[in-house]
Amino acid sequence: MSTSESEVKVIVERCEALYHDVDLQAVVDWKARTGRAAIGFLPIYVPREIIDAAGMLPVGMRGGGDQIEIIRGDAYFQSYICQIPRSTIELGLTGRLDALDGVLFPSICDVIRNLSGMWQLLFPEKYARYLDVPQNFDSAVGGVFYRRELEGLRDDLEKLGGRPIDADALRASIVRYNANRQALERLMTLRREAPWTAPADESYLVIRAGDLLPVDEHTQLIDDYVAAAQRAHAEGARPMRDRTPVVISGAFCEQPPLPLIRTLERAGCYVVWDDMTLGARWLTADVSTEGDPLLALSEAFLHHSTPTASVYEPGAHKGQPLCDQVRRCGAEGVIFAAPSFCDPALLDQPMLQRALDRAGIPWTAFKYAENLGQFQVIREQAGTFADSIRLWSEQGTEQASEQRSERRHEQGKALESSRGNGERPGATSEQGSDHA
Amino acid sequence: MSDSSDTEKAVAAHAGSGKDDSMEKQKAMTADHFRALTRAREEGKKVVYTFVPGNLTELMHAFDVLPVYPEINALQSAMRQRSAQFIGEAERSGHSEDVCTYVKCDLGMIKNGNIGPTGEKLPPPDLLLLSYTGCFTFMKWFELLRQEYDCPVVMLHTPYQSEGRVTDNMRQYMVDQLRNEVIPAFERLTGKTYDEDRLRECLRKSARAEDDMVAVLESAKHRPSPIDAYFGGVYYIGPMFTAFRGTDAAVDYYSTLRREIDARVAQGLGPITPEGEMGPERYRLVVEGPPNWTSFREFWRMFAEEGAVVVASSYTKVGGVYDLGFRHDPEHPLETLADYCLGCYTNRSLPQRIDLLEQYMNDYSADGLLINSVKSCNSFSAGQLLILRQIEARTGLAGGFIETDLVDPRYFSAANVKNRIESYLQMIDQKRQQRRQSLGGSGGSPPPPGSTPLFSPGAEGQP
Ligand code: SF4
Ligand code: SF4
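Every value quoted in this text rests on a predicted model; they were computed, and no experiment measured them.

Colleague: Requested: an account of the overall build of chain B, with residues and values cited.
Modeller: Helix and strand counts for chain B stand at 17 helices and 10 strands. Taking 2.2 N^0.38 as the reference for a compact globule, 463 residues should give roughly 23 Å; the C-alpha atoms of chain B span a radius of gyration of 22 Å, in line with that estimate. The principal-axis extent of the C-alpha atoms belonging to chain B is close to 75 × 50 × 50 Å. For chain B, contacts bridging at least 24 residues in sequence account for 77% of all contacts bridging at least 6. Surface accessibility of chain B: about 15200 Å² in total, with carbon and sulfur atoms responsible for 47%. Of the side chains in chain B, 51 bear a positive and 63 a negative charge, and the two mean positions are spaced by 2 Å.

Shown next, in the form of C-alpha cells:
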C-alpha cells in the first residue's frame, strides 16, 4: 500500500469510527474539553452557523442506522411509519443522546414535525425546537418570516448558553461554514470528475463525520482526505474502473446503511452525486458575510437551496434540477433510493421520474430501511441497471447514441410497466413491498 | 360531505323532522354546488381546487369563484366503492403503495374522467390554491395536480404551531402571503378587484353559523348524547368545512340543525344511526383520527350495536377548532383568515392535541379514548401511540387503538376492527368495575350503563 493510500485509510477509519459512534462519545469528549453545550438536529437542513456562533456544537442526528436494536422505539410508532423516528426515540430513551442539550426539528415532513411534540413530552427537561422554513421564497414575505424564526432560534440559544450571540460571532461562523461548504464542493468535484479516486462509501463517511466534528476540524479533514486520495491515485492506487456513473435520489433523511452504499458501487456503479448528506451541502453558494448575518442566512435559504422534496417547487419545472444535476456530474442514470414509508421522497418520485423519462435519462428505484441487512436483491438490481446502461454506451456511434437515449426512455417505461404488473425487476427492500 | 347512501337518509331522519330538515337542506346545497360546477364554464365562473384544512372559503366567495375539494372527492369515491380501482390505477402508474391514499384516489379519479359524486364531470381547475395547512402531503398533491392541469398554483403556507401558540410572526407571514400572493392571484384569475366589504360580510355569516355548529357539537355533553359526534359529526361539519361557510345557506342550515338537535335533547333522545334510533347509550367515547370511508356504515354499526356513542372527535376539527372559541372576525378579515388556518387541528402541536383530547374526555364525561389510526396520514398518525399513553395516564380511563385506512379497502379488516372494538369496550367495563370496587361497591357484573348515575363514569360532569 502506498503511503498516501495508508493516509487515506487512517482518515476513513477515523470517519468510520465516528459513523459507529451512536453513543455520541465524540460529543461527550468535546463537551468535557470545552465545557460547552451541544445541540442536535434532525435532517435535512438547519443553519448550523447560529449554533456554532453560540459556542455550541451542532450535532447531526441520523437515527440509529443498522447499529442499534429497537426495543422501546417500536412502541411509539405504527408499522407504516418510517424507521428514523423510532430509532431516534430509542436513542433518546436509552440515554445515548444525553450529551445533547437540545434538539432542533427542521420542517421536513409530518413525522419529524410530530416528533418535535413527542420530544417536548418525553424529554421535558431538554430544549426542543421545531424550525419552520418558509415555502414562500419572496424575501419580503417568506424572508421576513424566516429571519424572525432565526432570531427566535438565536434568542433561545443565547438563553441556553447564557451569553449573547452578536453579529460578529455570527459572521465568523458563516465564514467557517462557507469554508466547509467549499471543501465539500472540492470533494464533490473530485467525485464527479474521478469517482474512482473518492468512492461513495468513503466520501459518505468523510461528509458524515461533520455530524460530530467541530466545523474547522471537519473542513481540514475533508481537505486532507481529498489530497491524500488524489495522491494515492497518482501513485497508482485507486485505478479507474469501468463502472456506470449514477446519481442517488431520495435518501435525504433516513440513511441507507453503509453496506448498501458499498453494494451499489460493487454492483458496477459510481455514485457521482447523491442526496444522502444533503443538509451539509444544502446551500449552493456562499452565505454573505456583509450586513445582517441572519438576513444573509435567510437569503441564502430562499435563493440558494438545493431543490428537494421537502421544499415547494414554485415553477412548473419539477424534476428539471435533477436532470440538470445528472448532466452536470456526467451521470448516466438515476437510482431512486428512498426509505420505506417516506412521504416526501415517495410522493416526489413519480414527478421526478417523469422528468427523467422526458429527458431520456434511465432510472431504477428501490426502497430501504436504515436497518436493512440483506443486499443481494439490490445488488442484482443495481448491477443489471449499470450493465444495461454500459451496454448501450458501448454502441458509440451517433446513431447508436440516439438509440441509446430512446432505449433509456424505454427502460424507464419497461420498469414502470413491470411495476404495473406487480413484478419486481431486480430488487426490493426488506419490506418486500417495493416497486421497481 | 353528503352522498346518497342510506347513511345519509338515516341521519336525515333527525327528530322526526320532515322534508325541510337540515339534511334535506344539506343535500340541496350540495346538489346546487355541483350543478354550478357543471355549468361553471358556460357561466364564466372560475373553479379553484383547494384543501379542507385552512380553506379560504369566504375569500373565494368574495371573488365569486367555485371551490372543489379533492379530499372530499376522494372520500366520496370511497363511499361509492370506487376508490379501490382508482388507487390501483395510480399505483400501477408509479405511485408508491406507502403514500396517502387520498392522493392516489384523486389521481385515479382524474384518469377516469374526473366524474364527481353526481355522476357529472367536474370542471378542471382554473387555479390550484395550495392551502398548505397541517399536512405535508398537500404540497406534493398539488405539485402532482399541476402536472395534470395547465393552470397556475398559488401557495399559502401555514406555519406549524410547534410551541402551542400562534405568534405574531406566523400571523404576519400569513397576512403577507394573503395580501401579496393569494389576493393578487384571485384578482388575476377573475379580473375583479379585492372587495374587503364583501369578505367581511361573508365572515359575519361564517361566525353566525359557527356559533350554531359549536352548539350542535357541544350537545353531546348531554346524556344521552343526541348526536354521534364522529360518524354523524362528519355530516354536520360538511357545509362548514367545504363550499358553504360564509353563505346564507350555511347560516340557515346550522340554525335548522341546531333546532333539531335541541329538540332531541328536550326529548331525551340519543343519536340516529344508519339502522335508525340508537339503543341505550352504554359507552361514551372520544375518537381521535379520521374515519374509514370505504366501510363507513359498517364501521359505524360496530359502535352503534354496542351502544357506543362518540361524544367528541378530533376529526371534526380538521377544518377548524371552533369549540375553543375561535370565530371568524369580520373586523380583522385577513388576520382572522390567518388565525383560522393556523388553528386547524392538524396544525396543532402534539401536546396541544393531547390537551384538547383530555379536555374532551372531561367535558364530555367520556368513558375512554379510541384512536382510529389511518395508514395514509402521517399528519394524524405519527405520535398517536404517545397520545394514547398520555391520555390514559392523565385520565385513568381506557384507551383503545385500531388501524384502518381512509379510502383504501385493503386496510379495513372488518373482523379485526370489530374484535378490537369489542375488546376495548370490555376493557371499559372492567375499568368501571374496578372503579366501583374502589368506591366500595359489591363487585359483580356492571349495571346497565346509564341506568345508575353513581356507577356511570363521568356522571358527575353530566350537564
Ligand atoms: S424518512 Fe421521510 S417520512 Fe421519515 S422522517 Fe424522514 S422525511 Fe419524514
Ligand atoms: S396525509 Fe392526511 S391530512 Fe394529508 S391529505 Fe392525506 S389524509 Fe389528508
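Colleague: Lay out the overall build of chain A with the relevant residues and their values.
Modeller: Along its length, chain A carries 15 helices and 8 strands. On C-alpha atoms alone, chain A measures out to a radius of gyration of 21 Å, which is about the 22 Å that the 2.2 N^0.38 rule sets for 436 residues. Overall size of chain A, expressed as C-alpha extent along the three principal axes, is 65 × 50 × 45 Å. Taking contacts inside chain A between residues at least 6 apart in sequence as the whole, the part at least 24 apart equals 75%.

Colleague: Mind laying out the nonpolar core, listing which residues take part and the relevant values?
Modeller: Among the nonpolar cores identified, the biggest contains 307 residues, and Leu157 and Tyr225 of chain A together with Leu59, Tyr102, Phe186 and Trp293 of chain B are the most heavily contacted of them. When residues in this core are grouped by element, the largest group, 10 residues, is from helix α8 (residues 168-190) of chain B. Three or more residues apiece are contributed to this core by two domains, here domain 1 (21-170) and domain 2 (238-435) of chain A. Contacts of Leu59 of chain B, omitting those with residues within four sequence positions, involve Val182, Ile183, Phe186, Tyr194, Leu199 and Leu337 of chain B.

Colleague: Kindly report on the site of ligand 2, identifying the contributing residues and their values.
Modeller: The full set of residues close to ligand 2 is Cys100, Tyr102, Cys135, Thr137, Phe138, Trp141, Ser376, Cys377 and Leu406 of chain B. Residue composition of the shell around ligand 2, by class: 7 nonpolar, 2 polar and no charged.

Colleague: Can you tell me about the pattern of salt bridges, naming the residues and giving the values?
Modeller: In this structure the tally under the stated criterion is 65 salt bridges over all chains. With a closest N to O distance of 2.8 Å, Lys140 of chain B and Asp348 of chain A form a salt bridge. One end of the pair, Lys140 of chain B, is in helix α7 (residues 137-148); the other, Asp348 of chain A, is in helix α13 (residues 343-359), on a second chain. In this structure, Arg204 of chain B engages Glu201 of chain B in a salt bridge whose closest nitrogen and oxygen atoms are separated by 3.0 Å. Of the two residues, Arg204 of chain B and Glu201 of chain B both sit in helix α9 (residues 196-218), 3 residues apart, roughly one turn of that helix. By relative accessible area, Glu201 of chain B is classed as partly exposed at 36%. Salt bridges sharing common partners tie together Lys318 and Asp348 of chain A together with Lys140 and Glu143 of chain B.

Colleague: Tell me about the domain arrangement of chain A, and please be specific about residues and values.
Modeller: All names here are of chain A. Examined at the domain level, chain A breaks down into domain 1 (21-170) and domain 2 (238-435). Taken together, the two surfaces of domain 1 and domain 2 that pack against each other cover about 3000 Å², and 67% of this comes from carbon and sulfur. In terms of surface lost to domain 2, no three residues of domain 1 exceed Ile44, Tyr45 and Phe137, which account for 24% of the buried area on that side. Counting across the interface, domain 1 meets domain 2 through 1 salt bridge.

Colleague: Break down the sheet that holds strand β10 (residues 398-404) of chain B for me, with residues and values.
Modeller: All names here are of chain B. If you trace the 4 strands from one edge of the open sheet to the other, you get β8-β7-β9-β10, paired in parallel fashion. The strands lining the two open edges of the sheet, one partner per strand, are β8 (308-313) and β10. Shown here is a sheet whose adjacent strand axes are inclined to one another by a mean of 30°, direction ignored. Two strands pair when backbone bridges link them, and strand β7 (residues 283-288) and strand β9 (residues 368-374) are joined in this way by 4 bridges, in the parallel orientation. Among the inter-strand pairings, Glu288 is bridged to a residue of β9, identified as Ile371. Across the sheet, helix α16 (residues 384-395) lies against β7, β9 and β10, angled at about 180° from β9, the strand it touches most.

Rules behind the numbers
Residues numbered from 1 in each chain as written. Chains lettered and ligands numbered in written order. Predicted model: local features only at pLDDT ≥ 70, side-chain atom pairs only at ≥ 80, totals over all residues. Heavy atoms only, no water. Helix = DSSP H or I, 4+ residues; strand = E, 2+ residues; numbered from the N terminus. Rg over C-alpha atoms; globule rule 2.2 N^0.38 Å. Contact = heavy atoms within 4.5 Å. Areas by Shrake-Rupley, 256 points an atom, 1.4 Å probe, with all protein chains shown as cover. Lys, Arg positive; Asp, Glu negative; His and termini not counted. Charge placed at Lys NZ, Arg CZ, Asp CG, Glu CD. Core = buried A, V, L, I, M, F, W, Y, C linked by side-chain atoms within 4.5 Å. Buried < 20%, exposed > 50% of the residue type's maximum accessible area, 1.4 Å probe, protein only. Domains from an automatic or database assignment. Near = heavy atom within 4 Å. Nonpolar A, V, L, I, M, F, W, Y, C, P; charged D, E, K, R; others polar. Salt bridge = Lys/Arg side-chain N within 4 Å of Asp/Glu carboxyl O. Buried area = accessible area lost by both parts, 1.4 Å probe. Pairing = 2+ DSSP bridges. Axes fitted to C-alpha atoms, helices over the stretch in contact; angles between N-to-C directions.

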